[in-house]
Amino acid sequence: MADFNSDFWHWYIAILTIISILACVWLIRWMTSGFEHSDEVESTGHVWDGDLTELNNPLPRWWLGLFYITLAFGGFYLLLYPGLGTFGGLLGWTSKGAYEQEVEKVEAEVGPLFEGYLQTPILDLIKDENAIKVGERLYLNYCATCHGSDARGARGFPNLRDTDWQWGGDPTSIKTTLLNGRIAAMPAWEAALGGESGVNEVTQYLLRLSNRATIDELADKGKAKYDIFCVACHGADGKGNPALGAPNLTDDVWLYGGSITRIGESLIKGRNGQMPAFGEFLGEAKVHLLTAYIYGLSQEN
Ligand code: HEC
Ligand code: HEC
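Draft legend 1. Representation of a nonpolar patch on the surface in the model. A cluster of nonpolar side chains, contributed by Phe 76, Leu 79, Leu 80, Phe 87, Leu 90, Leu 91 and Trp 93, occupies part of the molecular surface with about 700 Å² of accessible area. When you line up the elements, Leu 79 lands in helix H2 (residues 61-80). The class of Leu 79 is partly exposed, set by a relative accessible area of 42%.

Next up, the structure:
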């Protein structure tokens, strides 16, 4: 137990515990000494309603015995298991060890099952109802907090049910996303675009790219800026680049919102969405199942 940073607390707790136990023994002996178990019962001298007398019976022996048994149990327990300060107990039991043993047992049971799934190609797994059920349970445990229990996402957290993929929607790309995580790097553009007016112009151009009404004069100026600053990642046609996680700007799917205000905010602040890596945490087999589950969802469309 490295929780204590000085020996003082070890002794403080150990000594207080032992003193409390000994004090209980003493208290019981003190309270029960001087009684003779006989037929004659002493009265406390309190009498109510004429003849209702309060007697001073000794505790029944079996009852008293229970007290001593609890005390002995406490003593043995503290000798065998951790409890007395930093003393670890003679059995060497630790909660971490118990947890690890349990995990090992479960791994031994389900390990071969997961191993079997890992050897099955994703395209076959999505037809396997049981595999998808396991995948769904994994999803609800590890992914739902961010992507929603229905996998439809929220602002900043992509919808995993649609066919729009930032980092690629084929099984291999999805698996790579899960194994290694993804960090999107969209710089802040306000300064480069020449402040608010430049941001407005480019925003107008993005409206045009996604087939919405625009102020043409501004959109034309925006296009000139887009061609300088944005093509490298989002492409000349605005359709994005999955290798960089640069989203398609011509559709009506917006990770951070597609209103003029939201697009402006994306340009002014930049965006750095992060998908955590799960490879090390979950192991490849579980990631494989999750990939099948996610890929399966997008095939339902
Ligand atoms: C270095 C590559 C790069 C450049 C250059 C770049 N972007 Fe991006 N852009 C990204 C990435 C990556 C994302 C995704 C950010 C995320 O997921 O957090 C993104 C996201 C966006 C979004 C948000 C899309 C959504 O779905 O909400 C908009 C809008 C956008 N970019 C517009 C632009 C414009 C306009 C320019 C040029 C001024 C530009 N980007 C230049 C990489 C780039
Ligand atoms: C802490 C929040 C968080 C958790 C937990 C999380 N994700 Fe994500 N995920 C994100 C964010 C944010 C992005 C978008 C990254 C970006 O902007 O490019 C993302 C992106 C993705 C993508 C890429 C989508 C695309 O369009 O290419 C997939 C697939 C994905 N997550 C699946 C999962 C799965 C499966 C799990 C559970 C194992 C999971 N995520 C857990 C936050 C999370």
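Here the narrative resumes.
Draft legend 2. A look at the packing of helix H3 (residues 95-118) against helix H13 (residues 284-299). Put simply, H3 and H13 touch, their axes get as near as 9 Å, and they point 55° apart. As the angle between them shows, H3 and H13 are arranged oblique. The crossing of H3 and H13 is left-handed. Between H3, through Glu 107, Phe 114, Tyr 117 and Leu 118, and H13, the contact on the second element is made entirely by Glu 284, Ala 285, Lys 286, His 288 and Leu 289. A per-class count over the contact of H3 with H13 returns five nonpolar, one polar and three charged.

Draft legend 3. Examining the pairing of strand E1 (residues 43-48) more closely. Inspection of the sheet shows E1 paired to strand E2 (residues 52-55) by three bridges, in the antiparallel sense. Looking at the pairing, Val 47 lines up with Thr 53 of E2. Connecting E1 to the next strand, E2, in antiparallel fashion are three residues, including Asp 49 with a positive phi near 45°.

Draft legend 4. Spotlight on the site of ligand 1. What surrounds ligand 1 is a group of 24 residues, the closest being Met 186, Cys 230, Cys 233, His 234 and Tyr 256. Between ligand 1 and Gln 166, the relevant distance is 2.7 Å, taken from an oxygen atom to a side-chain nitrogen or oxygen of the residue. A distance of 2.7 Å separates an oxygen atom of ligand 1 from a polar atom in the backbone of Leu 255. Elements that contribute at least two residues to the shell around ligand 1 include exactly helix H8 (195-209), helix H10 (231-234) and helix H11 (260-269). In terms of residue class, the shell around ligand 1 is made up of 17 nonpolar, six polar and one charged.

Rules behind the numbers
Residues numbered from 1 in each chain as written. Chains lettered and ligands numbered in written order. Predicted model: local features only at pLDDT ≥ 70, side-chain atom pairs only at ≥ 80, totals over all residues. Heavy atoms only, no water. Patch = residues over 30% accessible without salt bridge, like charges linked within 9 Å, V, L, I, M, F, W, Y side chains within 5 Å. Areas by Shrake-Rupley, 256 points an atom, 1.4 Å probe, with all protein chains shown as cover. Salt bridge = Lys/Arg side-chain N within 4 Å of Asp/Glu carboxyl O. Helix = DSSP H or I, 4+ residues; strand = E, 2+ residues; numbered from the N terminus. Buried < 20%, exposed > 50% of the residue type's maximum accessible area, 1.4 Å probe, protein only. Axes fitted to C-alpha atoms, helices over the stretch in contact; angles between N-to-C directions. Parallel < 35°, antiparallel > 145°, perpendicular 65-115°, else oblique. Left-handed = near helix turned anticlockwise from the far one by under 90°. Contact = heavy atoms within 4.5 Å. Nonpolar A, V, L, I, M, F, W, Y, C, P; charged D, E, K, R; others polar. Pairing = 2+ DSSP bridges. Near = heavy atom within 4 Å. Polar contact = N/O pair within 3.5 Å; in protein donor to acceptor, adjacent residues only side chain to side chain.

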